[in-house]
Amino acid sequence: MSSGTTRKHTALPKAQILIEALPWLTRHHGKIVVIKFGGNAMVDEELKAAFAQDVVFLRHAGLKPVVVHGGGPQISAALDRHGIVSEFKAGLRVTTEDAMDVVRMVLAGQVQRELVGLLNRHGPLAVGLTGEDAHTLTATKHTPEIDGELVDLGRVGEITGIDTGAIEALLADGRIPVVSSIARSQDDGHVYNVNADTAAAALAAALGAETLMVLTDVEGLYEDWPNSDEVISRLTASELEKLLPELSSGMVPKMEGCLYAVRNGVRTARVIDGRVQHSILLEIFTDEGIGTMVVPDEQGES
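Predicted model, so just to flag it, every value in this text is computed and none were measured.

(A) Here's a closer look at the overall build of the chain. The number of helices and strands found in the chain is 11 helices and 18 strands. What you see for the chain is a C-alpha radius of gyration of 20 Å, in line with the 19 Å of a compact globule of 302 residues. In terms of its C-alpha atoms, the chain occupies a principal-axis envelope of roughly 75 × 45 × 35 Å. When each of the 302 residues of the chain is scored for burial, the buried share is 48%. Pairs at least 24 apart in sequence give 72% of the contacts found in the chain among residues at least 6 apart. Of the roughly 14500 Å² of accessible surface on the chain, a fraction of 52% belongs to carbon and sulfur atoms. Across the chain, the centroid of the 26 positively charged side chains sits 9 Å from that of the 42 negatively charged ones.

(B) Up close: helix α7 (residues 196-207). Compared with an ideal rise of 1.5 Å per residue, which puts 12 residues at 16 Å, α7 spans 16 Å between its outermost C-alpha atoms and is within 8% of the ideal. Within α7, 10 of the 12 residues are buried, which leaves the element mostly enclosed by the surrounding structure. For α7, the full list of buried residues reads Ala196, Asp197, Ala199, Ala200, Ala201, Ala202, Leu203, Ala204, Ala205 and Leu207. Two or three places before aspartate 197, at the start of α7, stands the capping residue asparagine 195, its side-chain oxygen 2.7 Å from that residue's backbone nitrogen.

(C) Expanded view of the packing of aromatic side chains. Following the criterion strictly, the structure yields two aromatic pairs and no others. For the pair phenylalanine 57 and phenylalanine 285, a centre-to-centre distance of 5.9 Å together with 65 degrees between the ring planes defines the contact as edge-to-face. Linking phenylalanine 57 in helix α3 (residues 45-60) with phenylalanine 285 in helix α10 (residues 279-285), this pair joins segments that are 228 residues apart in sequence. Assessed through its relative accessible area of 40%, phenylalanine 57 is described here as partly exposed.

(D) Inspection of the sheet that holds strand β13 (residues 211-216) at higher detail. The strand order β5-β10-β2-β1-β13-β17-β18-β16 describes an open sheet built from eight strands, whose pairing is mixed. Looking at which strands have only one partner, the edges of the open sheet turn out to be β5 (126-130) and β16 (234-236). Strand-to-strand twist in this sheet, taken as the mean axis angle between neighbours without regard to direction, amounts to 20 degrees. Note that β5 and strand β10 (residues 176-180) share five bridges and pair parallel. Paired with glycine 128 across the bridge in β10 is valine 178. Running at roughly 170 degrees to strand β1 (residues 32-37), α3 makes contact with β1, β2 (64-69), β10 and β13 of the sheet.

(E) Molecular detail of the sheet that holds strand β11 (residues 182-185). Reading across from one edge, β9-β6-β11-β12 is the order of the four strands in this open sheet, with mixed pairing throughout. The open sheet has two free edges, formed respectively by β9 (157-162) and β12 (191-193), since each of these has just one partner strand. In this sheet, neighbouring strand axes are inclined to one another by 50 degrees on average, regardless of whether the strands run parallel or antiparallel. In this structure, strand β6 (residues 137-141) lies alongside β9, joined through five bridges in antiparallel fashion. Of the residues in β9, the one forming a bridge with threonine 138 is glycine 161. Where helix α5 (residues 97-119) meets the sheet, it contacts β11 and β12, and its direction lies at approximately 75 degrees from that of β12. Against the sheet, α7 touches β6 and β9, its axis set at about 15 degrees to β9.

(F) Representation of the pattern of salt bridges within the structure. As enumerated under the stated definition, the model contains 14 salt bridges in all. For arginine 184, the salt bridge identified is with glutamate 132, shortest N-O distance 3.6 Å. Of this pair, arginine 184 sits in strand β11 while glutamate 132 sits in the loop between β5 and β6, and the two are 52 residues apart along the sequence. Judged by relative accessible area, which is 17%, glutamate 132 ranks as buried. Sharing partners across several salt bridges, the network here consists of Lys36, Asp197 and Lys254.

Scoring rules and cut-offs
- Starting from 1, residues in each chain are numbered consecutively following that chain's sequence as written.
- Local features are withheld for residues below a pLDDT of 70 in this predicted model, meaning they are given only at 70 or higher, and side-chain atom pairs are given and counted only at 80 or more; totals for whole chains, interfaces and linings count all residues.
- In computing side-chain properties, one takes all heavy atoms of the structure into account and sets aside hydrogens as well as water.
- Secondary structure elements are taken from DSSP: a helix is a run of H or I of four residues or more, a strand is a run of E of two residues or more, and numbering for both begins at the N terminus.
- In this description the radius of gyration comes from C-alpha coordinates, and the expected globular size is given by 2.2 Å times residues to the power 0.38.
- Under the scheme applied here, a residue whose accessible area is under 20% of the maximum for its type counts as buried, over 50% as exposed, and between as partly exposed, the area being computed with a 1.4 Å probe on protein chains only.
- When checking whether two residues touch, look at their non-hydrogen atoms; a contact exists if any pair is within 4.5 Å.
- Only the protein chains shown count as cover for residues, and the accessible areas themselves come from Shrake-Rupley with a 1.4 Å probe.
- Working convention for charge: Lys and Arg count positive, Asp and Glu count negative, and His plus the chain ends are omitted.
- To locate a charge, take atom NZ for lysine, CZ for arginine, CG for aspartate or CD for glutamate.
- Helix span, expected: 1.5 Å multiplied by one less than the number of residues in the helix.
- We call two N or O atoms a polar contact when they sit within 3.5 Å, provided that within protein one can donate a hydrogen and the other can accept it, with sequence-adjacent residues counted only if both atoms are side-chain atoms.
- When two rings of Phe, Tyr or Trp (its six-membered ring) have centres within 6.5 Å they constitute a pair, described as stacked for plane angles under 30 degrees, edge-to-face for angles over 60, and tilted for the intermediate range.
- Pairing between strands is defined by DSSP: at least two bridges between the two strands are required.
- Convention adopted: a line fitted to C-alpha atoms gives each axis, helices being fitted over their contacting stretch, and angles between N-to-C directions are expressed from 0 to 180 degrees.
- Any carboxyl oxygen of Asp or Glu within 4 Å of a side-chain nitrogen of Lys or Arg constitutes a salt bridge here.

This is how it looks when you write it as structure tokens:
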């Protein structure tokens, strides 16, 4: 067999894969996609590099990616190094003033910088900001009620306002915004740590994003965990709402975020397995898709 014939055979599957992406490329062109970066993808070097490649690919394919991140494992490690003991109330971490300084330093000065660096290996694309910049995120103190009691978690905030101006300006300039989930208070001048899943969902809605993608360390939402590892590939907002009380605590903010997003103008919200290399590309550009997709009710009834 001549080398030309061999080349044809190896090239054809590549061409078919590219063509399979065409309808998705057409559908998503110019659309904003908000991606919550977290879990294993955040600590494994190969997964981090693959994540950066995916985000840059989306940008060059004509989409407008916005990355939102937290940094739970990195924050815990830094608090230990600084000798700050993590206190928990009802399973939730209390963020003291000292701890908040460390949280801010880790998110804006370490996790965000690393992500910006990985993205910028591919060109002058990524710009890091925190929710404090240009009033991107405004918060008020979050005091959850647990078993009928109000619990003081210190500098933990809930989002009360969003100004997308800075992010939209960056997107218009062809940049990739990388947002750390820290917010400035609307009433006491303090800085608050906000849940990154919640922040990503709120930003997706405010930006009128086409899609919210949340990276996790599971394959998606399971139908009947722990009895079955069958993943629900698609469900409507109402179906998800019924499932919320049964979910594990780590999945609740992710799925509540997805629910909020699709009820506030985002066309689809997906939880995808960040342990799979290039899971973002597989989810956006192939028929298979991986993970769980949440859609608004009216789409799902057909």
